[in-house]
Number of protein chains: 2
Amino acid sequence: MKPLPPKGTRDYLPGDIAVRESALRTIRGVFERYGYAPLETPAIERLDVLTGKYGEEGDRLIFKILKRGEGGERGEADLGLRYDLTLPLSRVMASHGDIPQPFKRYQIQPVWRAERPQRGRFREFLQCDVDCVGTASMLADAEMITLIHEVFAALGLPGYRISINHRKVLSAFMDAAGVVADVKVAAIRAIDKLDKIGRESMEEELVKSGTTGDTAKNIVRALLERENGSFETYVGAARHAVGDTPEGKVGIEEMELLAEYLGYFGVPAEVLSFDLHMARGLDYYTGPIFEALLPEGGVGSLGGGGRYDHLIEQLGGPDLPATGTSLGLDRIITVLQERAAGGETRGGYADVLVAVFDEAVLPAALRVGAAAREAGFDCEVYLEPGVKLAKQFSYADAKGIPAVVVVGPDEVSRGVVQVKDLARREQKEVAEAALADALKEVLGA
Amino acid sequence: MKPLPPKGTRDYLPGDIAVRESALRTIRGVFERYGYAPLETPAIERLDVLTGKYGEEGDRLIFKILKRGEGGERGEADLGLRYDLTLPLSRVMASHGDIPQPFKRYQIQPVWRAERPQRGRFREFLQCDVDCVGTASMLADAEMITLIHEVFAALGLPGYRISINHRKVLSAFMDAAGVVADVKVAAIRAIDKLDKIGRESMEEELVKSGTTGDTAKNIVRALLERENGSFETYVGAARHAVGDTPEGKVGIEEMELLAEYLGYFGVPAEVLSFDLHMARGLDYYTGPIFEALLPEGGVGSLGGGGRYDHLIEQLGGPDLPATGTSLGLDRIITVLQERAAGGETRGGYADVLVAVFDEAVLPAALRVGAAAREAGFDCEVYLEPGVKLAKQFSYADAKGIPAVVVVGPDEVSRGVVQVKDLARREQKEVAEAALADALKEVLGA
């Protein structure tokens, strides 16, 4: 009969929040350094604004809220829970006409999707989006890729790589290869799987998706013979692949500009990989697309994005060019936790517990607690004077509090305190005035 | 046809978030200094966990979520949006058996209530709760009052006062005065209005609530003759008012302990007011109650709380003693904003905009932007090279960005930049290497 949180949701206890907030502080810091500002929107949106925007499957996954009063008893709904952060951004661009453009905003808030809960997939999860709305300049796209690089570098993620391609190049490639319009989207999806399923299966998928065998063979050849991740081979392969389609030309010109700008931004070439087969799943991209990967450890995508010049209008906003990136917070945090597994982990509670021997020493204990706070430590004073010290110690242990200060009647009379290092099982007597230094020693601060 | 956020909700644009986060940083800082740790729970809870806990009125105000799939088409709901932060705390105590007690947690998350939207009242709003679960010690109650004092002092709120009383004293007072059980809650509600409606109207309300005229007169006399906010007069009046009821005795003993502990915590007597008529609206309190007020400016309550020893069990958790405080964030932020009205307000965007004269100077502009970031400034580089400088300046102006750095071809060749102070309409040429100092001057940092 234990009441649990709803299926697919989770409670964040102090230790979970400590890990997450440490990553978020770094991420927000990078965004803000580049002039991106926070936006927050309500968890609920009007259902008429939400529906019809994410396709049939998406509509089914929206949590719908019953009308209060009339209509509710018949099952009528008028509100829904936020499904992503792009629709709210579009709605904000429409609701607030006076936002200066380009609007450079980041948004880190939960979204809700009624998917079947499974390991590592949640119905309520935090999304982390950063977007630049109102400019078609490739500088904005280059800045997006720079943000991913700077965030991953700041987080200390090992060996990350940012894969880059262009939707117009990809589309022209398909046209030039002879893929007919009907199966183009399916063919692009098949190509995107190259890294996962290998050359042969990809060729099979292409044929299954409706591409003729010869066309499929041509595509495979165009991809495999020339790809090594460098910009030079990418451009060579792309020029060959798109032929003289006008769309292909535009795409290649934009990619050249993007690569130049990435150099100006100082993104090191070794973290970039230009990949003609990388497509990203979402259909709405119209320009450069990018995906952040940790090739080692099989973690897969840690986020990505691209330019989506008409989506904001499709979602009910004004017609504005835009580019953006989404970071996969849950995966990033998992990687950071695995890497920190050897290191010290703290419970997310205080740095210091002041144990209280009995009611008589309480004034002294509270004075010592205040001094520890004054010195910059998060410090709790045990709230039940007279409880056995052993119990107070195990309380600190259970909370992962590393330092315990004991103040007994003898200590009070001599103006000293006992400072216990719980991890090292050491205890040291110091003058009350030397408390801060003794705590710094225990906490390694 | 402008799509707005749902009625009773609001978007937080960057400037709104800047004001709010500044207050929240202070509040979180105080909580953590005292060893309180953050908790976050899902926005959605199971409807069977939520309903029947807040009374009939409360149940009607819960936003209910339609079942996905079967039952949904008939209007069946299985989830609801979080209505407060106390029920989730109770559920967490039941869901996670291994939480060390006392569990000292704070929680700052939105809650949803389907109230009729009106000025200053929202359907989605941020609650800020701090609670201590698992100890009956008056030290915990004293710490709650200390937290309110420390938060308000750190925020610089002027002339705040914390009104304190005890539910057992109040209940025994009513019994001793001859208020019959049926009308006790109504009588306590009438007394609570003393400050708002004055002596005569309160006496009328008491009679209307079912108290006899003589009893009402006695109550008024007991309250008015002896109240001045000091602890000594409070105890005197309370001893007189509760007679020799055992409940009254316990209440007064606890209040004496509380006052002693508040002295140990160093809360100055002048911010405290012991008021026999203060009752707080909620019925579930069982011990000390407290309310934070800004008497000047008619702002009313900025928060409050009290001991609620059986509520966690009533809400579905284990039977644990608890005490807690809720801060009225919206009101606190309004007060802070009004006080800052004369001062400088920033738009919540970057500190610095690097204007880009044309495509040719872009590498230099990006280099200057990187240097500003390196020096600790939030800096955006204008993303459309070649747009007229006047337009780039008005962009900075619209965003409230105080400093603009101009890099033109002439500047690049001479290794200098122009630093514009938009508020003072001043411009200064400095060597690129001296940029950080020039920006510090403009930003007053």
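Scroll up for the structure.
Residues numbered from 1 in each chain as written. Chains lettered and ligands numbered in written order. Predicted model: local features only at pLDDT ≥ 70, side-chain atom pairs only at ≥ 80, totals over all residues. Heavy atoms only, no water.

## Some remarks on the overall build of chain A
Counting its secondary structure elements, chain A contains 17 helices and 16 strands. For a compact globule of 445 residues, the expected C-alpha radius of gyration is about 22 Å, and chain A comes in at 28 Å, more than 25% above that figure. Looking at chain A as a whole, 55% of its 445 residues are labelled buried. Of the contacts made within chain A by residues no fewer than 6 positions apart, 66% connect residues no fewer than 24 positions apart. A total accessible area of about 18,500 Å² is found for chain A, and carbon and sulfur atoms account for 49% of it. (Helix = DSSP H or I, 4+ residues; strand = E, 2+ residues; numbered from the N terminus. Rg over C-alpha atoms; globule rule 2.2 N^0.38 Å. Buried < 20%, exposed > 50% of the residue type's maximum accessible area, 1.4 Å probe, protein only. Contact = heavy atoms within 4.5 Å. Areas by Shrake-Rupley, 256 points an atom, 1.4 Å probe, with all protein chains shown as cover.)

## What to know about the relation of the copies chain B and chain A
Superposition record for chain B on chain A: RMSD 0.0 Å, screw rotation 180°, translation along axis 0.0 Å. Between the two chains, the operation in question is that of a two-fold axis. Among all residues of chain B, the one whose C-alpha sits closest to the rotation axis is B:G75, at a distance of 1.7 Å. Both copies present the same face, since 100% of the interface residues in chain B are matched by interface residues at the equivalent positions in chain A. (Least-squares fit on C-alpha atoms with pLDDT ≥ 70 in both.)

## Looking at the sheet that holds strand β7 (residues 161–166) of chain B
Residue and element names in this part refer to chain B. Taken together, the 8 strands give an open sheet; going across it, the order is β1-β5-β6-β11-β10-β9-β7-β8, and neighbouring strands pair in mixed fashion. Edge positions in the open sheet fall to β1 (37–38) and β8 (272–274), since each of these has one partner strand only. Sheet topology places strand β6 (residues 124–133) next to strand β11 (residues 322–327); 6 bridges connect them, and they run antiparallel. Each bridged residue has a counterpart across the sheet, and for D129 the counterpart in β11 is S326. (Pairing = 2+ DSSP bridges.)

## Here we look at helix α8 (residues 194–208) of chain A
All names here are of chain A. For α8, which comprises 15 residues, the first-to-last C-alpha distance of 15 Å sits more than 12% below the rise-based estimate of 21 Å (1.5 Å per residue). The sharpest bend along α8 measures roughly 85° and falls at E200. Listing the buried residues of α8 in full gives L194, M202, E203 and L206. Where α8 is buried, its residues meet α7 (184–192) and α9 (213–224). Backbone geometry just downstream of α8 places G210 in the positive-phi region, at approximately 115°. (Expected span 1.5 Å × (residues − 1). Bend = angle between axes of the 7 residues up to and from the residue.)

## Considerations on the packing of helix α6 (residues 167–177) of chain A against α9(A)
All names here are of chain A. In the contact formed by α6 and α9, the axes pass within 10 Å of each other and the chain directions differ by 135°. Relative to α9, the element α6 lies oblique. The interaxial crossing formed by α6 with α9 has right-handed handedness. Together, F173, M174 and A177 of α6 and T215, I219, A222 and L223 of α9 make up the contact between the two elements. (Axes fitted to C-alpha atoms, helices over the stretch in contact; angles between N-to-C directions. Parallel < 35°, antiparallel > 145°, perpendicular 65-115°, else oblique. Left-handed = near helix turned anticlockwise from the far one by under 90°.)

## Details of the environment of A:R189
Residues and elements named next belong to chain A. Note on placement: R189 falls in helix α7. For R189, a relative accessible area of 44% translates into the label partly exposed. Placed 90 residues apart in sequence, R189 and A279 show a C-alpha to C-alpha distance of 6.9 Å. Other than its neighbours up to four places away in sequence, R189 contacts G281 and D283.

## Topic: the packing of aromatic side chains
The full count for this structure, using the stated rule, is 20 aromatic pairs over all chains. Seen from their ring centres, B:Y382 and B:Y395 are 5.3 Å apart, and the 80° between their planes marks the pair as edge-to-face. Note that B:Y382 is positioned in the loop between β13 (379–381) and α15 (389–399) and B:Y395 in helix α15, a separation of 13 residues in sequence. Per residue, the accessibility class of B:Y382 equals that of B:Y395, and both read buried. One aromatic cluster in this structure is built from A:F231, A:Y234 and A:F274. Here the basic side chain of B:R20 rests over the ring of B:Y12, its NZ or CZ set 4.8 Å away from the ring centre. (Phe/Tyr/Trp six-rings, centres within 6.5 Å; stacked < 30°, edge-to-face > 60°. Lys NZ or Arg CZ within 6 Å of the ring centre and 35° of its normal.)

## Points about the interface of chain B and chain A
The interface of chain B with chain A comprises 87 residues on the first partner and 87 residues on the second. Each partner contributes to the roughly 7,500 Å² buried at the junction of chain B and chain A, and carbon and sulfur atoms together form 62% of this total. Our count for the chain B to chain A interface comes out at 8 salt bridges. Of the charged contacts, one joins A:E380 and B:K104 as a salt bridge, the two residues approaching to 3.5 Å between their closest N and O atoms. Summed over the shared surface of chain B and chain A, the result is 34 residue pairs in polar contact (both at pLDDT 80 or more). Sort the elements by how many residues they give to the side of chain B that touches chain A and helix α1 (residues 14–33) of chain B lands first, with 5 residues. Grouping the constituent residues of the side of chain B that touches chain A by class yields 51 nonpolar, 13 polar and 23 charged. (Buried area = accessible area lost by both parts, 1.4 Å probe. Salt bridge = Lys/Arg side-chain N within 4 Å of Asp/Glu carboxyl O. Polar contact = N/O pair within 3.5 Å; in protein donor to acceptor, adjacent residues only side chain to side chain. Nonpolar A, V, L, I, M, F, W, Y, C, P; charged D, E, K, R; others polar.)

## Re the packing of helix α10 (residues 231–242) of chain B against helix α11 (residues 246–265) of chain B
Residue and element names in this part refer to chain B. Direction vectors running N to C along α10 and α11 enclose 170°, while the axes themselves pass 10 Å from each other. Overall, the two elements α10 and α11 adopt an arrangement that is roughly antiparallel. Contacts between α10 and α11 involve F231, Y234, V235, A238, R239 and V242 on the former and, on the latter, G248, I252, M255, E256 and A259. Looking at the contact of α10 with α11 residue by residue, the class counts come to 8 nonpolar, 1 polar and 2 charged.

## Observations concerning the sheet that holds strand β1 (residues 37–38) of chain A
Residues and elements named next belong to chain A. Pairing within the open sheet is mixed, and its 8 strands lie in the order β1-β5-β6-β11-β10-β9-β7-β8. Every interior strand has two partners, whereas the edge strands, β1 and β8 (272–274), have only one. Bridge count between β1 and strand β5 (residues 103–112): 2 bridges; the pairing is parallel. Opposite A37, over in β5, you have R105 as the bridge partner. With respect to the sheet, helix α11 (residues 246–265) is in contact with β7 (161–166), β8 and β9 (288–294), its orientation differing from that of β7 by roughly 150°.

## Looking at the side chain of A:K104
Take A:K104: it is sitting in strand β5. A:K104 sits in the buried class, given a relative accessible area of 0%. With sequence-adjacent residues up to four places away left out, A:K104 is seen in contact with A:Y34, A:G35, A:Y36, A:A37, A:D131, A:C132, A:E143, B:E380, B:V381, B:L383, B:Y395 and B:K399.

## Considerations on the pattern of salt bridges
Within this structure, the stated rule accounts for 63 salt bridges over all chains. The salt bridge partner of A:R280 is A:E291, with a shortest N-O separation of 3.4 Å. Separated by 11 residues along the polypeptide, A:R280 in the loop between β8 and β9 and A:E291 in strand β9 bring together distant segments of the chain. Here A:R280 matches A:E291 in class, with each residue buried. In this structure, B:E115 and B:R121 form a salt bridge, with 3.5 Å as the shortest nitrogen-oxygen distance. Under the relative-accessibility criterion, B:R121 is labelled partly exposed at 40%. Salt bridges linked by common partners bring A:R20, A:E21, A:R28 and B:E40 together as one network.

## Considering the side chain of A:R373
Mapped onto the secondary structure, A:R373 falls in helix α14 (residues 362–374). In this structure, A:R373 is buried with no salt-bridge partner, the nearest side chain bearing the opposite charge being B:E143 at 4.5 Å. Discounting chain neighbours no more than four positions away, the residues touching A:R373 are A:C379, A:E380, A:V381, B:R33, B:Y34 and B:E143. (Lys, Arg positive; Asp, Glu negative; His and termini not counted.)

## Let's talk about the pairing of strand β15 (residues 416–421) of chain A
Residue and element names in this part refer to chain A. The buried fraction of β15 amounts to 5 of the 6 residues, a majority that puts the element mostly inside the structure. Of the strand pairs in this sheet, strand β14 (residues 403–407) and β15 are connected by 4 bridges, and their pairing is antiparallel. Across the sheet, the residue bridging to V404 is K420, located in β15. Pairing geometry for β15 and strand β16 (residues 426–431), over 6 bridges, is antiparallel. Its bridge partner lying in β16, Q418 is registered against E429. Between the antiparallel neighbours β15 and β16 lie 4 residues, among them R425 with a positive phi of about 50°.

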